[in-house]
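Residues per chain, in single letters:
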Amino acid sequence: EATLDDLAFLRTRHGGVLTVVDGHLERFAVLLGFTQGGLFSMVCFCIAVCFLVLKPLKEDFSEIAPKCIADDAHVPTVIREVPHIQRLARWCHRYVTLSIRELNLSANARKFKILQSQRWVNTELDMARYIKLFPSQMHEGVRKYPTVVRGALKVNGVGVGFDAEARAEIIMAQVKAQEDKLKVLERLTPLLGRQAAELYGRFACKPSTTFNHQARGNEPSISRVPLEHAGEMQAHLFRTVTATAPDEIRDVQHDANPAGPTERRCEEAMHLSQRHGGAGWTHPRLVAPAASTGRVMDVLYLLRRLEDVSPLVPPPSEWATSGVPLLEEAVAFIAMLVSDSAGFKQGPDDEADDWKYIRGKIVAPDGSLNYEGIELLSGRHFQHVASDALQQDMYSAIVDDPSVHPATRAHFRAAKQLGAGAVLGIANIEDAVELPDEAFLHEVQGYLNHPRGAITLATRCTGESERTKCDYHASKLRECPPCAVGAAKEQHILTRYEHFNGTHWDGCRYGGHVGTGHTSINTHVISIARALGAAGSLQEVKLGPRDPNRAVDKESNPNQRGDGVLGNWTHSARRMVFDGTTITAVQFRKGMLGPLARGKHLATDYAEAAKRSAKAAACAANNYDFMTWAASTRGGIGREAAEWFTTGFAAKVALARSDGEKWRVRNERKRLLQQHSAIIARRNWEITQRNAWPRMGGVAPRAPPVE
């Protein structure tokens, strides 16, 4: 009872957290990082300070309005003449006295900081001349007075002050402290394993997360240089964990690099969120404008209700000429978002409700910026909406640009499918999603569109059947790519791009290994069906001939089979037969790469069409519904399976009777996609391991040029 009454969160020695969900105490694991402690006693303390300290001060010093963050008090004061300094000193004395008398707490006067601009040094209003008017405190036998700070002061982790360089130095000091942590993680990578190291890095060390507070607390012009350095640190760690090449994941990236983007766009794949086909290691400088502007949007509502602050904040229509860098940069970012961001105009993939609200407020009917609506955006997750829109812009700039290599465009489209690369977004490692280092490298390099480090120019296929050998076999493919491969009349040209991508080993049909993971995928489909309330069994379902209106013929009308049967009588009176298949995500075959690059089709569309053509009519003749469970080698699932999966879980979420139940259902959905992705990743590596030789250890060589 005491725990339920007093604690919001509790960090335990076993790495667990206790929290209240739907009125019940629940415990869940936290495997890394720290948990914010929120005590009911802190609420009691804040209320006590308000009534016993701040209220009497307000009655006696009506012109001084302190701002408090929990137990930290800030007293912004306008000083125009010496009596104002004297009155502020009396306020501080009274604050110390009330804290001791009413709360039995020391206010630690020796730790007081007085922030004043450098321009007032040696003037009549120089605070240092009057420092002995302020309360003091004995410490180690010495009387200590408050400190006068001229440049910038670190307040709640953020630099506040009159000197832009000093504020940037506060951020840089934190960046350099974080750099030591990243270097430690780099050195521990061989001991932890690459998958675990990536997990620790993404959650506890990734600068775009760890420095979001600094990005929100400073305008982008202040945070740009420190966050650029943080991005370089992130690139070093990411290259170590993923064994990627420095000419594909460079230290200086994006618009900061005069060389422009790389041909494979690996850096974009690193920075994009998983919803947009990336690994989620966003460059911290890229999120800074949305973070800083988001802070302004979130606090503007409160500032308007502070009588001493509101007159100092002009209406948004005047921000561009206000002379306040924070407001100037915020309104410039909002204007860019409204006029130039296609992702914001069309609507981001996530935060749909907030996006509709925000767009409805700040976009006028003629498409221009509505300044008055800016005042109404507090609490609407502006940073999330803006960041998601910019992510969509980065993704579209790749897939819609005809000058980008078609295989790169096709890759990013495949990487955005539901479930693609989900194993790279896990929050904890368990047996169902754990990957050995070699398989992890094979998967993450493929997901980044990076040359596979296991493959060299000398690597050839070892696959062969009883009668023949694979066209990529060393005995047939004697030349070095780029070269012709196969005996077809119109020969396929194997480029270095395709060769180093390992595309052939995504689905080599020689050696009997292409079926690796097939049973695991089908078994997983049964698990998903049961999670959605359906009955399911894994069995070879005999369906009869492909065309039920004609006699069986081994060549023209063969018998068909399914991989399993699903049934849910509350949804359909017919049972459903499903058939699983895995297809190479980026097809280099003639006639396929172009449509994949343009987004006309996904590779899974071809697989679904082939399966439906072969088995749908036979299923209907046996009174079955039919579904193809098509998976790409990036781990994404096809449209048929995705519709069944998303519809089923949407219905399950709708039936949830509490936030706690919705939370559990969404986590179950995410976990099932991650497990599916892990099965595909193991399959891909297994085929490569058995059929590709010679191989390197996964460490990437210098990237070859793209033809």
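The structure reproduced in this document is the subject of the present report.

Definitions and cut-offs
- Residues numbered from 1 in each chain as written.
- Predicted model: local features only at pLDDT ≥ 70, side-chain atom pairs only at ≥ 80, totals over all residues.
- Heavy atoms only, no water.
- Disulfide = S-S within 2.5 Å.
- Helix = DSSP H or I, 4+ residues; strand = E, 2+ residues; numbered from the N terminus.
- Buried < 20%, exposed > 50% of the residue type's maximum accessible area, 1.4 Å probe, protein only.

**Some points on the state of the cysteines**
Now for step 1: Inspection of the entire model under this criterion finds zero disulfides.
Now for step 2: Cys 461 takes part in no disulfide bond, and the closest cysteine sulfur, belonging to Cys 508, lies 3.5 Å away.
Now for step 3: Free of any disulfide, Cys 483 has its nearest cysteine sulfur in Cys 480, 7.2 Å distant.

**Description of unusual backbone geometry**
Now for step 1: With an omega of 5°, the peptide bond running from Pro 481 to Pro 482 counts as cis.
Now for step 2: Take Pro 482: it is sitting in the loop between β12 (455–461) and β13 (483–485).
Now for step 3: A cis geometry characterises the amide bond from Trp 693 onward to Pro 694, with omega recorded as -5°.
Now for step 4: Mapped onto the secondary structure, Pro 694 falls in strand β19 (residues 692–695).
Now for step 5: Of note, the phi angle at Asn 108 is positive, near 55°, even though the residue is not glycine.
Now for step 6: Position of Asn 108 relative to the elements: it lies in the loop between α3 (82–103) and β6 (113–115).
Now for step 7: You will see that Arg 265, though not glycine, has its phi angle at about 60°, which is positive.
Now for step 8: Look at Arg 265 and you get buried, because its relative accessible area is 13%.

**Description of the environment of Gly 515**
Now for step 1: Within the secondary structure layout, Gly 515 lies in the loop between α17 (496–501) and α18 (518–531).
Now for step 2: Among the residues examined, Gly 515 registers a relative accessible area of 40% and is labelled partly exposed.
Now for step 3: For the pair Gly 515 and Arg 683, spaced 168 residues apart in sequence, the C-alpha separation works out to 8.5 Å.

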